[in-house]
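# Chains, contacts and geometry: an overview
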Amino acid sequence: MGETNERGVPGAGLAKGLAVTLRTMTRRSTTQQYPDVAPELPPRSRGVIALLAENCTVCMLCARECPDWCIYIDSHKEEVAVPGAARPRQRNVLDRFDIDFSLCMYCGICVEVCPFDALYWSPEFEYAEYDIKDLLHDKDHLGEWMATVPPPPAHDRNGEPAKEETTAARKAAAPAGSAARPTPSRVRPEPGPAARPSTAPAAPAPGPAATEGPAAPADGTPTDPGAAP
């Protein structure tokens, strides 16, 4: 019944709209005059992907996990002579690393799966082009975006420590703990007194003369057992 009566009042909707307008007219506008005023983006904004080519090992994880197949990587192998090694080692050298941002869906999987921190998110988003072909950024262009990558935020004091910090602390404490408590399998126990062989000559077993009476003096004088002392 209340809705029917409210709808029946003429001009009720217009009055509500004017009331909202009057309330907002007295408030200060928060509109930012873009592009004259740069927007304040959140710290984890996804603008463009930057590449640190020195960290890339051509593991191909980013290209394999990309759902849009917009990452193109080419490389070749080089031999590196290691002093003291029997033969030179081989390493992958990055030749091509392109990202087609016309296909990218900005899911961030490539940044997450990179095991060597070669890909980063940059908050820069002003890279629109008139030609779609110019949205294919090569490794040099992606490397230029590294200057716009913000530093990582400080870790929360009350939060859980990062896995890297926990692993580093465990490795640092491992040598001290192993030295204080040696492993029985690696440390050879010292033989105790019972286990060590005796080097002293064995005492002769007592004979019948020692048990029957006192020993004779050294000068050979006979002794009388019944004599008074």
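Structural notes, computed from the coordinates. These numbers were taken from a predicted model, which means no experiment stands behind them. (Residues numbered from 1 in each chain as written. Predicted model: local features only at pLDDT ≥ 70, side-chain atom pairs only at ≥ 80, totals over all residues. Heavy atoms only, no water.)

## Some remarks on the sheet that holds strand β3 (residues 89–100)
Across a sheet, strands are paired by hydrogen bonds formed along the backbone, either parallel or antiparallel in direction. Condition: Strands are labelled as partners when DSSP assigns at least two bridges between them. Secondary structure counts use DSSP, requiring at least four H or I residues in a row for a helix and at least two E residues in a row for a strand, with both numbered from the N terminus.
Taken in spatial order, the 3 strands of this open sheet run β2-β3-β5, and their pairing is antiparallel. One side of each edge strand has no neighbouring strand; the edge strands of this open sheet are β2 (71–80) and β5 (136–137). Sheet topology note: the β3/β5 ladder contains 2 bridges and is antiparallel. When the sheet's bridge partners are listed, I99 is paired in β5 with H137.

## Considerations on the pairing of strand β1 (residues 48–51)
In plain terms, the rule: Burial status follows relative accessibility: with a 1.4 Å probe on protein chains alone, a residue under 20% of its type maximum counts as buried, one over 50% as exposed, and anything between as partly exposed.
Alternating positions in β1 separate into two faces, V48 and A50 on one and I49 and L51 on the other, with burial throughout. The sheet contact formed by β1 and strand β4 (residues 119–122) spans 4 bridges and is antiparallel. If you follow I49 over to β4, its bridge partner there is W121.

## So, a nonpolar patch on the surface
Worth spelling out the cut-off: Any residue with relative accessible area above 30% and no salt bridge may belong to a patch, with like charges joined within 9 Å and the nonpolar Val, Leu, Ile, Met, Phe, Trp and Tyr side chains within 5 Å. Only the protein chains shown count as cover for residues, and the accessible areas themselves come from Shrake-Rupley with a 1.4 Å probe. Whenever a carboxyl oxygen of Asp or Glu lies within 4 Å of a side-chain nitrogen of Lys or Arg, that contact is scored as a salt bridge.
Together, Y34, L41 and F125 make up an exposed nonpolar region whose accessible area comes to about 280 Å². Structurally, Y34 is set in the loop between α2 (12–25) and β1. Accessibility expressed as a relative area gives 44% for Y34, which makes it partly exposed.

## Here we look at the layout of surface pockets
How we decide: Of the two site types, the cavity is a set of points on a 1 Å grid over the protein atoms alone where a 1.4 Å probe fits but cannot get out, and the pocket is an open set with protein on both sides within 12 Å along at least five of seven lines, each lined by residues with an atom within 4 Å of a point. Grid points are joined across faces, edges and corners, and a volume is the space filled by probe spheres set on the points. Gly is placed with the polar residues, together with every amino acid not listed as nonpolar (Ala, Val, Leu, Ile, Met, Phe, Trp, Tyr, Cys and Pro) or charged (Asp, Glu, Lys and Arg).
The computed volume of the largest pocket comes to approximately 1100 Å³. Lining the largest pocket are 25 residues, with R44, E112, Y120, P152 and P153 positioned closest to its centre. Mapped onto the lining of the largest pocket, the elements with two or more residues apiece are α4 (109–113), β4 and α6 (163–180). With 3 residues, the single largest contributor to the lining of the largest pocket is β4. Taken together, the residues that form the lining of the largest pocket break down as 16 nonpolar, 2 polar and 7 charged.

## What about the environment of T24?
If you trace the backbone, T24 turns up in helix α2. Under the relative-accessibility criterion, T24 is labelled partly exposed at 43%.

## Details of the pattern of salt bridges
Where charged atoms from two side chains of opposite charge approach closely, those side chains can pair. Following the criterion strictly, the structure yields 3 salt bridges and no others. With a shortest N-O distance of 3.7 Å, R91 and E78 are connected by a salt bridge. Note that R91 is positioned in strand β3 and E78 in strand β2, a separation of 13 residues in sequence. The shortest N-O distance in the salt bridge between R96 and D98 comes to 2.6 Å. For R96, a relative accessible area of 33% gives the class partly exposed. One network of salt bridges, in which partners are shared, links D74, R96 and D98.

## Regarding unusual backbone geometry
Following Y34, the chain continues to P35 via a peptide bond in cis, the omega torsion being 10°. Note that P35 resides in the loop between α2 and β1. Of note, the phi angle at W69 is positive, near 50°, even though the residue is not glycine.

## Describing the side chain of S122
Cut-off, in case you're wondering: Think of a polar contact as two N or O atoms within 3.5 Å of one another; within protein, one of them needs to be a possible hydrogen donor and the other a possible acceptor, and neighboring residues in sequence only count if both atoms come from side chains.
Structurally, S122 can be placed in strand β4. At 2.5 Å, the side chain of S122 and the side chain of T148 are in polar contact.

## Details of the environment of N92
The test is simple: We call two residues in contact whenever any of their non-hydrogen atoms come within 4.5 Å of each other.
Note that N92 resides in strand β3. C-alpha of N92 to C-alpha of C59: the two residues are 33 residues apart in sequence and 8.9 Å apart in space. In this structure N92 touches T57, V58, H76 and K77, once residues within four positions along its chain are discounted. Within the local environment of N92, its side chain forms a polar contact with the side chain of K77, the two groups lying 2.9 Å apart.

So, to be careful, I would describe these as geometric facts and stop short of saying anything about function.
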